[in-house]
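# Examination of the molecular architecture
Residues per chain, in single letters:
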Amino acid sequence: MNGSRIAAVGHYQPAKVLTNEDLAGLVDTSDEWITSRVGIRTRHIAGPDEPVDELAAHAAAKALAAAGLTPSDIDLVLVATSTAVDRSPNMAARVAARLGIPSPAAMDVNVVCAGFTHALATADHAVRAGAATRALVIGADKMTDVTDWTDRTTCVLVGDGAGAAVVEACPAGEEPGIGPVLWGSVPEMGHAVRIEGTPSRFAQEGQSVYRWATTQLPPIARKACERAGLVPEDLAGVVLHQANLRIIEPLALKIGAVNAVVARDVVESGNTSAASIPLAFSKLVERGEISTGDPVLLFGFGGNLSYAGQVVRCP
């Protein structure tokens, strides 16, 4: 069983940008109120003619191009999303059709904000077991489709986007580029983050999520580092779910990754759910803030009060 690695990443965001000042014209809020509570300044908003699978396909195409691969090189497509409108065809099949990927296994993964890291682990396991050769792993969400734009506590948080990674087997003799996953959930607290009802709407118990994330998750994230044979001080980057800057900063501090670049993409992108980790990771790579081979902790958490994290090597 060979280990796997991330060969390349890519991301995509819609062109339309919604600022805090724009939101102040919709609900009773202000730039000062939003930035002081969640740290967000802007977010990208997809139009009615930009479905989730289109966002996902754009990000995936960029990752494929960066890896120097063609659609026919892919035999597994995993899309992490919780905002698919239709049950079938699923998002993975729709992305495969858009890109022209012939006969892949195609599955959606709905673990909300922790979806991408769950999907990445699933791809890693499939490659290690010989069930797949190369996989496209995508996190894509259109949170604005499930947002109540009259609720100032949630509408200020969300944005739309997608991020993708190409996962492939490591060459013989090369150390695995995707470390062991540490994952789990707190099912009895699943009510703390919800997308439910008709029409579906996003809601959360902000204080409960904040307390859980900042107190319960640091030792779990440190254990993910241990499983990769590292200590937090070894990390060159930390990419947490981009939920809220007031969660990201204390959580990163408590993990103890004192030498790492900490992704703060939430400031310009808002909470993009399953897209947030690959989106932020791809931007760090694109800007050269982390280098090829650097160890980076990816750690998703949120909906279902689920979490999943692993240390990966930067492509």
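Remember, predicted model here, so these are calculated numbers, not experimental data. (Residues numbered from 1 in each chain as written. Predicted model: local features only at pLDDT ≥ 70, side-chain atom pairs only at ≥ 80, totals over all residues. Heavy atoms only, no water.)

## Re the overall build of the protein chain
Where we set the bar: A helix here means a DSSP run of H or I that spans at least four residues, while a strand means a run of E at least two residues long, and both kinds are numbered starting from the N terminus. For this measure, only C-alpha atoms enter the radius of gyration; the expected value for a globule follows 2.2 Å times N^0.38, where N is the number of residues. Under the scheme applied here, a residue whose accessible area is under 20% of the maximum for its type counts as buried, over 50% as exposed, and between as partly exposed, the area being computed with a 1.4 Å probe on protein chains only. Here, residues are in contact when the closest pair of their heavy atoms is within 4.5 Å. In these tables, accessible area is a Shrake-Rupley quantity obtained with a 1.4 Å probe, and a residue counts as shielded only by the protein chains included in the view.
If you tally the helices and strands in the protein chain, you get ten helices and 14 strands. Taking 2.2 N^0.38 as the reference for a compact globule, 315 residues should give roughly 20 Å; the C-alpha atoms of the protein chain span a radius of gyration of 18 Å, in line with that estimate. The principal-axis extents of the C-alpha atoms in the protein chain amount to approximately 60 × 40 × 40 Å. The proportion of buried residues among the 315 residues of the protein chain is 57%. In the protein chain, once contacts between residues fewer than 6 apart in sequence are set aside, the share between residues at least 24 apart is 76%. Carbon together with sulfur atoms contributes 50% to the accessible area of the protein chain, which is approximately 12300 Å² in total.

## Some remarks on the packing of helix α3 (residues 52-67) against helix α4 (residues 91-99)
Spelled out, the test is: The axes used here are C-alpha line fits, helices contributing only the stretch in contact, and every angle between their N-to-C directions lies in the interval 0 to 180 degrees. Angles below 35 degrees are treated as roughly parallel, those above 145 as roughly antiparallel, those between 65 and 115 as roughly perpendicular, and all remaining angles as oblique. It is the rotation of the near helix from the far one that decides the hand of a crossing: anticlockwise by less than a right angle makes it left-handed, clockwise makes it right-handed.
Orientation of α3 relative to α4, taken along the N-to-C sense of each, is 55°, at an axis distance of 9 Å. Regarding the angle of α3 to α4, the classification is oblique. Considering how the two elements wind past one another, α3 and α4 form a crossing that is right-handed. Each of V52, D53, E54, A56, A57, A60, A61 and L64 in α3 lies in contact with α4, whose residues at this interface are M91, R94, V95, R98 and L99.

## Here we look at the packing of helix α7 (residues 206-227) against helix α8 (residues 245-255)
At a closest axis distance of 9 Å, the pairing of α7 and α8 adopts a crossing angle of 30°. One finds that α7 runs roughly parallel with respect to α8. Crossing handedness for the pair α7 and α8: right-handed. Of the residues in α8, those touching α7 at V209, Y210, A213, T214, L217, P218, A221 and R222 are R246, I247, P250, L251, K254 and I255.

## So, the pattern of salt bridges
Quick reminder of the rule: Throughout this description, the term salt bridge denotes a Lys or Arg side-chain nitrogen within 4 Å of a carboxyl oxygen of Asp or Glu.
In the structure shown here, the tally under the stated rule is 15 salt bridges. Two residues, E168 and R5, come together in a salt bridge whose shortest N-O distance is 2.8 Å. With a gap of 163 residues between them, E168 in strand β7 (residues 160-169) and R5 in strand β1 (residues 4-12) connect regions that are remote in the sequence. Here E168 falls in the buried class, since its relative accessible area comes to 10%. Residue classification places R5 among the partly exposed residues on the basis of a relative accessible area of 25%. Between E249 and R264 there is a salt bridge, with its nearest N and O atoms 3.3 Å apart. Residue E249 is located in helix α8, and its partner R264 is located in the loop between β12 (261-262) and α9 (266-269); the two are separated by 15 residues in the primary sequence.

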